[in-house]
Amino acid sequence: MIRLLLAAPLIALALAACGDDNDADVTTTPIGTIAATAAQTEAPTASAAPTDSPTPREPEIQVYDVPPGTRPHDVAPALDGGVWYTAQATGNLGWLNPDTGEVRETPLGPGSSPHGVIVDDEGVAWITDGGQNAIVSVHPDTLEVTVYPLPAGRANANLNTAAFDGNGVLWFTGQNGVYGSLDPATGDMAVYDAPRGRGPYGMTGTPSGDVYYASLAGSHIARIDINTGQATVIEPPTPGQGARRVWSDSAGLIWVSEWNAGQVSVYDPATDAWEQWRLPGAAPSAYAVYVDDRDDVWLTDFGGDAIHRFDPETETFETLPLPDAGGSVRQLLGRPGELWAPESAVDKILVIRY
């Protein structure tokens, strides 16, 4: 089933840079009523503002069902207009047709438990598969599955997230204390011990081709020297903040979702400076972060059961409550004008069109 909802006007919530009021009331804007429903075989009827209208288009939220028990963890827009998703509970890579709601799933292998998925310039989907302890690729045309196991002695890495560097090499994290690289052209793989052990989780590439990761258990971020493989720890200002995911903006600033602190922070590699902002609500828990084509920063909030959009210029938040209570959005990814998110706890995928 496809559901189309129009978000009510969002409330901008200005926050002080280092606010720590844990007793504040949760402030969100309710989503409007369902505007339309459609069967999986029918195209959704989204309403859009005229292209010549001076009024900014209000965000539209559209929700898609995926097979029950799928538990979609990460999503990645495909080059053909569809959307890939990792079916973590069933060991498949899914593909969703946003026009019809049609779903296609490809088995990844025995014991598969996929976590992250990203797409390369050729449209190939690359998956971090904790169950197979391997990097897996799926060709978009043939659906051919290729498995790249981690080297002997690197069992149970708990693979999480991947990103490409400027040379087209795939880097990945393992929460049990490793990170590594895979050259898609040769199949060569290298795995490294993280400088502070357990924790490597989120990962991002930058416009200059650098790679950073976030360490959830280690409460830091790290920059990887893509030539040597060495990782250098960078300490955020808030102790024990639980850096979970990272994303680079167009200027190469590194945005960090801080799970324990309920904050979003930004690191400037050029000046080594940090800024932080607490998310709205009484007890926010920032899980995912994604920077869109306009350099707005989107975050998922388990504590507030919401997705927030942060404007770095005005330092204000706008809040979109999730359409399904307890949806548990674990990751964000998008393309111009669209933000995609998996509601892992309720077997749904949503898109915010802005």
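The preceding data block contains the structure.
Before going further, it helps to examine the sheet that holds strand E13 (residues 159-164). If you walk across this open sheet you meet the four strands as E13-E14-E15-E16, and the pairing is antiparallel. Of all strands in the sheet, those with a lone pairing partner are E13 and strand E16 (189-193), marking the two edges. Strand-to-strand, the axes of this sheet are offset by a mean angle of 20°, without reference to chain direction. Relative to E16, strand E15 (residues 178-182) runs antiparallel, the two sharing five bridges. Bridge pairing links glycine 180 to valine 191 in E16.

Two aromatic rings, taken as a pair, are described by how far apart their centres are and by the angle between their planes. Taken as a whole and assessed by the stated rule, the structure comprises 16 aromatic pairs. Arranged with centres 4.7 Å apart and planes meeting at 45°, the rings of phenylalanine 310 and phenylalanine 317 form a pair that is tilted. Classification of phenylalanine 310 as buried rests on a relative accessible area of 0%. Residue class for phenylalanine 317 comes out buried when judged on its relative accessible area of 0%. Site record: aromatic cluster; members linked through ring pairs are Trp171, Tyr179, Tyr192 and Tyr213. Above the face of the tryptophan 95 ring, arginine 104 is positioned so that its terminal group lies 4.5 Å from the ring centre. Above the plane of the ring of tyrosine 201 lies arginine 244, whose end atom (NZ or CZ) is 4.9 Å from the centre.

What follows is about the sheet that holds strand E21 (residues 243-248). Taken in spatial order, the four strands make up an open sheet running E21-E22-E23-E24, and their pairing is antiparallel. For this open sheet the edge positions go to E21 and strand E24 (273-278), each flanked by a neighbour on one side alone. Ignoring strand direction, the axes of neighbouring strands in this sheet form an average angle of 20°. Of the strand pairs in this sheet, strand E22 (residues 254-258) and strand E23 (residues 263-268) are connected by five bridges, and their pairing is antiparallel. Note on E23: the bridge partner recorded for glutamate 258 is glutamine 263.

In terms of burial, strand E30 (residues 338-343) is largely enclosed, as six of its six residues are buried. Every second residue of E30 is oriented toward a common face, with Glu338, Trp340 and Pro342 on one face and Leu339, Ala341 and Glu343 on the other, all of them buried. In the sheet, strand E29 (residues 333-335) pairs with E30 via three bridges, with the strands oriented antiparallel. Across the sheet, residue arginine 335 finds its bridge partner in E30, namely glutamate 338. What sits between the antiparallel neighbours E29 and E30 is a turn of two residues, in which glycine 337 has the positive phi angle 85°. Of the pairings in the sheet, the one linking E30 to strand E31 (residues 348-353) comprises six bridges and is antiparallel in character. Residue tryptophan 340 lies in a different strand from E31, and its bridge partner there is valine 351. The antiparallel pairing of E30 with E31 creates a hairpin that spans four residues between the two strands, and aspartate 347 there sits at a positive phi of about 55°.

On to the side chain of asparagine 160, then. Tracing the backbone through its elements, the reader meets asparagine 160 in strand E13. For asparagine 160, the side chain forms a polar contact with the main-chain oxygen of asparagine 158, separated by 3.1 Å. Each residue touching asparagine 160, except ones within four places of it in the same chain, is listed here: His115, Gly116, Thr128, Thr173, Gln175, Pro200 and Tyr201.

Scoring rules and cut-offs
As a convention, each chain's residues are numbered from 1 in the sequence order in which they are written. The predicted nature of this model means local features are confined to residues of pLDDT at least 70 and side-chain atom pairs, given and counted, to a pLDDT of 80 or more, with totals for whole chains, interfaces and linings taken over all residues. Values shown for side chains rest on all heavy atoms present in the structure; no hydrogens or waters enter the calculation. In this analysis, strands are considered paired if DSSP registers two or more bridges between them. Put simply, DSSP marks the helices as runs of H or I at least four residues long and the strands as runs of E at least two long, and each gets a number from the N terminus on. Convention adopted: a line fitted to C-alpha atoms gives each axis, helices being fitted over their contacting stretch, and angles between N-to-C directions are expressed from 0 to 180 degrees. Stacked, tilted and edge-to-face are the three classes applied to pairs of Phe, Tyr and Trp rings, where Trp contributes its six-membered ring and a pair requires centres within 6.5 Å; stacked means planes under 30 degrees apart, edge-to-face means over 60, and tilted covers the rest. A 1.4 Å probe rolled over the protein chains alone gives each residue an accessible area, and that area as a share of the maximum for its type sets the label: buried under 20%, exposed over 50%, partly exposed in between. Any Lys NZ or Arg CZ found within 6 Å of a ring centre and within 35 degrees of that ring's normal is scored as a charge over the ring. Polar contacts, as used here, are pairs of N or O atoms within 3.5 Å; protein pairs need one atom able to donate a hydrogen and one able to accept it. Residues neighboring in sequence count only if both atoms are side-chain atoms. Note on definitions: a residue-residue contact is assigned when non-hydrogen atoms from the two residues lie within 4.5 Å.

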